[in-house]
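As a plain string of letters, each chain reads:
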Amino acid sequence: MINVAIDGPAGAGKSSIAKAVAKDTGYIYADTGALYRSVAYYMISRNISPDDTAEIIAALDGLEISLTYKDGQQRVIAAGEDVSDKIRTPEVSMGASKVSAVPEVRTFLFDLQKKIAAENNIIMDGRDIGTVVLPDAQLKIFLTASAEERARRRFAELEGTEGVTFESILADIIKRDENDMNRAVSPLKQADDAVLVDTTDMTIEEVITLLEKMIKETEEKES
Ligand code: DC
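Worth saying up front: this structure is predicted, and the values here are computed from it rather than measured.

Here is what the cut-offs are and how they apply
Residues numbered from 1 in each chain as written. Predicted model: local features only at pLDDT ≥ 70, side-chain atom pairs only at ≥ 80, totals over all residues. Heavy atoms only, no water. Near = heavy atom within 4 Å. Polar contact = N/O pair within 3.5 Å; in protein donor to acceptor, adjacent residues only side chain to side chain. Areas by Shrake-Rupley, 256 points an atom, 1.4 Å probe, with all protein chains shown as cover. Helix = DSSP H or I, 4+ residues; strand = E, 2+ residues; numbered from the N terminus. Buried < 20%, exposed > 50% of the residue type's maximum accessible area, 1.4 Å probe, protein only. Pairing = 2+ DSSP bridges. Salt bridge = Lys/Arg side-chain N within 4 Å of Asp/Glu carboxyl O. Axes fitted to C-alpha atoms, helices over the stretch in contact; angles between N-to-C directions. Contact = heavy atoms within 4.5 Å. Phe/Tyr/Trp six-rings, centres within 6.5 Å; stacked < 30°, edge-to-face > 60°.

### With respect to the site of the ligand
Logical step 1: Near the ligand lie 15 residues; those nearest to it are Arg-37, Arg-106, Arg-127, Asp-128 and Arg-183.
Logical step 2: Note that an oxygen atom of the ligand is positioned 3.3 Å from one of the side-chain N or O atoms of Ser-100.
Logical step 3: Asp-180 places a side-chain nitrogen or oxygen 3.0 Å from an oxygen atom of the ligand.
Logical step 4: Summarising the interface, the protein chains cover 96% of the accessible area of the ligand, which totals 450 Å² for the free molecule.
Logical step 5: Elements supplying a minimum of two residues to the shell around the ligand: α2 (33-45), α4 (90-99) and α8 (166-182).
Logical step 6: It is α2 that provides the largest number of residues to the shell around the ligand, a total of 3 residues.

### Looking at the pairing of strand β1 (residues 3-7)
Logical step 1: Most of β1 is tucked away, with 5 of its 5 residues classed as buried.
Logical step 2: Side chains Asn-3, Ala-5 and Asp-7 project from β1 onto one buried face, and the interleaved Val-4 and Ile-6 project onto a second face that is buried too.
Logical step 3: Alignment of β1 against strand β6 (residues 122-126), held across 5 bridges, turns out to be parallel. Across the sheet, residue Ile-6 finds its bridge partner in β6, namely Asp-125.

### Some thoughts on the pattern of salt bridges
Logical step 1: Evaluation of the coordinates by the stated rule reveals 15 salt bridges.
Logical step 2: With a closest N to O distance of 2.5 Å, Lys-86 and Glu-81 form a salt bridge.
Logical step 3: Note that Asp-180 is salt-bridged to Arg-127, the shortest N-O span being 3.3 Å. Of this pair, Asp-180 sits in helix α8 while Arg-127 sits in the loop between β6 and α6 (129-133), and the two are 53 residues apart along the sequence.
Logical step 4: Residues joined by salt bridges that share partners form a network here, namely Arg-75, Asp-82 and Asp-85.

### Topic: the sheet that holds strand β8 (residues 195-198)
Logical step 1: If you trace the 5 strands from one edge of the open sheet to the other, you get β2-β6-β1-β7-β8, paired in parallel fashion. With partners counted over all chains shown, the strands left at the sheet margins are β2 (28-31) and β8, one partner each. The sheet shows a mean angle of 20° between the axes of neighbouring strands, taken without regard to direction.
Logical step 2: Summarising the sheet, β1 and strand β7 (residues 139-144) pair through 4 bridges and their orientation is parallel. Its bridge partner lying in β7, Asp-7 is registered against Phe-142.

### Describing the side chain of Lys-14
Logical step 1: Among the secondary structure elements, Lys-14 is positioned in helix α1 (residues 14-25).
Logical step 2: In this view, Lys-14 contacts Ile-6, Asp-7, Gly-8, Pro-9, Asp-125, Gly-126, Arg-127 and Leu-143; residues no more than four positions away in its chain are not counted.

### Observations regarding the environment of Val-132
Logical step 1: With respect to the helices and strands, Val-132 occurs in helix α6.
Logical step 2: Between the alpha carbons of Val-132 and Leu-188 there is a distance of 10 Å; along the sequence they are 56 residues apart.
Logical step 3: Not counting residues up to four positions away in its chain, the partners in contact with Val-132 are Phe-110 and Ser-186.

### Things to note about the packing of aromatic side chains
Logical step 1: Across all of its chains, the model carries 1 aromatic pair by this definition.
Logical step 2: With 6.3 Å between their ring centres and 80° between their planes, Phe-155 and Phe-166 make a pair best called edge-to-face. In this pair, Phe-155 is assigned in helix α7 (residues 147-158) and Phe-166 in helix α8, connecting sequence segments 11 residues apart.

Structure follows, in structure tokens:
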């Protein structure tokens, strides 16, 4: 199985790029951020604060999360509910960044991620895929862009959503970068053997073409 790990900060375009590349190459796309988001959503919907570590750990006991694929799209099922369309709000984004710093939450989601990667040719994106989850991935990419550019892209996606301004998105991105890079367990960090791709001045099509070329080269090397 070929495993492609894509890591990078919030808003670098990981998911849209990985999704497009997976479609073109026939790989399965696994969005691991959605798993952390579903844990955050589950906690928030039970009135557990994403800051309340003890309550979060206790609540994990009753939680079952799985990934399924419908029409090629990943769906996340948390406690029997398809939460895929409910986990993209700013509240859940920040909650995910917080719950993901809890070591028990990371352990809880670890096996699920390993299992999907063992069974499929996969493109998996997240923060610690190349460093922790799939250290043996044949191709590792660290995808980044300046914070302003990332905020601009996110704003374009969310424009028109009530209460969302460019400034609020930029502030959220900077705060999440800080949380994600400075947590004690599995912080966001480029793996030593990852290829750095800075997309600040690239179009999405250019990034997709570049990644598909890298995957082709990896497949040739592995065959
Ligand atoms: O990629 P995303 O924005 O959907 O991720 C949401 C949060 O989940 C992110 O701020 C940090 C956390 N996360 C993580 O800690 N490890 C991963 N592999 C993926 C996401």
